[in-house]
Structure formats: C-alpha cells, structure tokens
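# Examining the three-dimensional arrangement
For reference, the chains in residue letters:
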Amino acid sequence: HPLDDHYFPLVERMIRRADGVISSSSFLQKRFGGVVIPFGADTDLFHPRTEEECAPLRSVLGLNDKKIIVFAGVVRPHKGMESLLAAVQAVGDPALRVLVVGPVTDYLAELRSRPEYASWLHGVGAQRKEMVAQYLGLADLVVIPQGNTWLARSQVPCKVFEAMAMGKPVIATAVSDLPEILDGCGWIVPPDDSSGLANAIRYALVHPAEGLEKGKAARMKCLQRYSKKVMSEQWMHYVEQAVG
C-alpha cells in the first residue's frame with residue numbers, strides 16, 4: 001500500500017531523483033517541489049441538471065420534498081462527516097438529509113448506528129462516475145467539511161471540482177487549497193467547527209438565489225481553470241518540458 005510504513009518513506013526518498021514532480025496540492029508542492037496541477041473534473045459528464053431531469057431519481061430514493069446535502073466520496077474520519085452531521089443536527093430542519101454517495105466504510109457504519117445521526121443520513125453506496133453525476137444533480141447544497149489534519153491538509157478532494165462543474169453551491173472548510181479554489185464562488189468556514197458550519201448551512205438554505213449565483217460562478221471557474229481539458233493541457237505541457 002502506498003502509505004505502508006516501510007514503502008512510503010522509500011517512495012518519498014525516490015521523488016528527489018525525478019525529472020519532474022506534479023503535486024495535487026500546494027501542501028505537497030511545498031514538501032516535494034514541482035508544480036501544482038489539480039485533478040479537475042470532466043465538465044461534459046458533470047454538468048448542471050434541471051429539476052425535471054432529477055425528479056425520477058429523487059422519487060426513487062424517497063427524497064421528494066427534502067433538502068439534500070450531497071457528500072460524494074469515501075467517508076473517513078479526516079473528511080469531517082461527524083462535524084457535518086453535528087451541524088445538520090444543530091440546524092434541526094426535519095426536511096434536511098445528508099446523501100452519501102460512496103462505499104459503506106466501518107466509520108460510516110458507526111456513524112449510522114448512532115441515534116442522533118441516523119435519521120439525517122441516507123446512503124446509496126459506491127457508484128459509477130456516471131451515477132455520481134446524477135446523484136450530485138439532486139444536491140441543494142454540497143458540503144466538503146475536511147478536518148484540520150495532516151492528511152486533509154495534503155489533499156484537494158476531487159469532489160470540489162465535480163460539484164463546481166455541476167453548478168452547485170458549495171460550503172467547504174478552510175483546509176488545503178479549498179479557500180483559493182472556491183474564492184468568489186463558494187462559502188468557506190473554519191474546520192472542525194460544527195456551529196460555524198451549521199450557520200453556513202442555514203444561510204445557504206434560506207438564500208437559494210445567492211447559492212444559484214455562486215453555482216453559476218463555480219461552473220464558469222471550473223470550465224476556465226479546473227476542467228479535464230485544461231488539466232490535460234497543463235499535464236502535457238509540463239511533461240513535455242520535463243522530458244524535452
């Protein structure tokens with residue numbers, strides 16, 4: 001495994017011998033050098049959906065008349081799911097649901113077993129990319145509640161770019177490069193602060209017009225800076241320089 005206690009240090013020592021280094025976050029760039037090129041998103045697959053397009057899936061899931069926060073990805077402790085659930089509980093809107101699109105990890109199963117969180121959670125398991133886009137289409141809001149941990153600071157979750165490509169309003173914590181990525185097109189809150197996150201969720205839900213405008217701005221920014229096409233061009237340019 002790449003994070004094995006013996007394998008990981010060996011890989012780190014080998015990086016200095018590379019002719020080029022591409023990092024997915026500024027945290028990793030500071031550690032290893034090179035350039036930052038995020039993963040980006042397939043903006044053809046991840047694009048805004050109309051309410052009519054989303055209605056059948058919403059009905060199948062039994063989520064009609066619900067306000068949906070989508071969390072797409074693998075739920076692990078550093079990703080802040082417990083903070084998100086505590087925030088949703090504090091908001092207290094009985095129509096609110098957290099839709100998890102990802103595998104049922106032991107950690108997620110433990111959260112679902114807790115009475116204070118169970119009623120807010122709705123999981124659909126791991127899905128193909130095509131279906132992830134459809135589930136994201138249901139979102140009234142996307143929340144990326146990364147915790148302030150070493151692992152979270154080193155990552156830029158690809159789900160932020162997919163949400164932006166879908167034109168969704170996004171709330172994220174001030175971890176890694178998320179504040180820069182969502183500058184002008186999302187809401188940023190402190191990490192590990194469920195109270196502050198609850199306030200941001202309340203605000204977003206009662207200001208849907210502002211959320212719509214942020215979503216449009218996010219889609220435009222993703223097309224210009226974080227699309228699969230733009231990322232591919234940056235990769236090719238850097239690789240050509242490195243091997244040239």
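Residues numbered from 1 in each chain as written. Predicted model: local features only at pLDDT ≥ 70, side-chain atom pairs only at ≥ 80, totals over all residues. Heavy atoms only, no water.

Roughly 910 Å³ of volume is contained in the largest pocket. As for the largest pocket, its lining consists of 38 residues, and the residues nearest its centre are Ser24, Phe39, Leu151, Ser154 and Gln155. Elements that contribute at least two residues to the lining of the largest pocket include exactly α1 (7–15), β1 (22–23), α2 (26–32), α7 (129–136), α8 (150–154) and α9 (158–165). Sorting elements by how many residues they give to the lining of the largest pocket places α1 first, with five residues. The residue makeup of the lining of the largest pocket, split by class, is 23 nonpolar, nine polar and six charged. (1 Å grid on protein atoms, 1.4 Å probe; cavity = no way out; pocket = protein on both sides within 12 Å on 5 of 7 lines; lining within 4 Å. Points joined across faces, edges and corners; volume = space filled by probe spheres on them. Helix = DSSP H or I, 4+ residues; strand = E, 2+ residues; numbered from the N terminus. Nonpolar A, V, L, I, M, F, W, Y, C, P; charged D, E, K, R; others polar.)

This part is about the pattern of salt bridges. Taken as a whole and assessed by the stated rule, the structure comprises ten salt bridges. Among the salt bridges present, the one from Glu82 reaches Arg114, with a minimum N-O distance of 3.0 Å. In this pair, Glu82 is assigned in helix α4 (residues 81–91) and Arg114 in the loop between α5 (106–112) and α6 (115–118), connecting sequence segments 32 residues apart. Overlapping salt bridges bring together Glu82, Glu110, Arg114 and Glu116 as one network. (Salt bridge = Lys/Arg side-chain N within 4 Å of Asp/Glu carboxyl O.)

Okay, helix α3 (residues 51–60) next. Of the residues making up α3, those classed as buried are Cys54, Leu57 and Arg58. Projected onto a plane normal to the axis of α3, the buried residues spread over an arc of 105° and lie on a single side. Among the exposed residues of α3, those pointing more than 90 degrees away from its buried face are Glu52, Pro56 and Val60. Residues of α3 that are buried make contact with β3 (67–72) and α7. With its phi angle positive at about 70°, Gly62 sits one or two positions after the end of α3. (Buried < 20%, exposed > 50% of the residue type's maximum accessible area, 1.4 Å probe, protein only. Arc of directions from axis to C-beta. Contact = heavy atoms within 4.5 Å.)

With respect to the secondary-structure elements, Ser154 resides in helix α8. When its relative accessible area of 8% is taken as the criterion, Ser154 is described as buried. When sequence neighbours within four positions are dropped, the list of residues in contact with Ser154 reads Ser25, Phe27 and Leu28.

A negative phi angle characterises most non-glycine residues, just as the trans form characterises most peptide bonds. One non-glycine residue with positive phi stands out, namely Asp65, at about 65°. Considering the arrangement of structural elements, one finds Asp65 in the loop between α3 and β3. Relative accessible area serves as the criterion here: at 75%, Asp65 is assigned to the exposed category. Located in the positive-phi region is Asp192, a residue other than glycine, with phi close to 55°. Within the secondary structure, Asp192 is located in the loop between β8 (187–189) and α11 (194–206). Judged by its relative accessible area of 55%, Asp192 is exposed.

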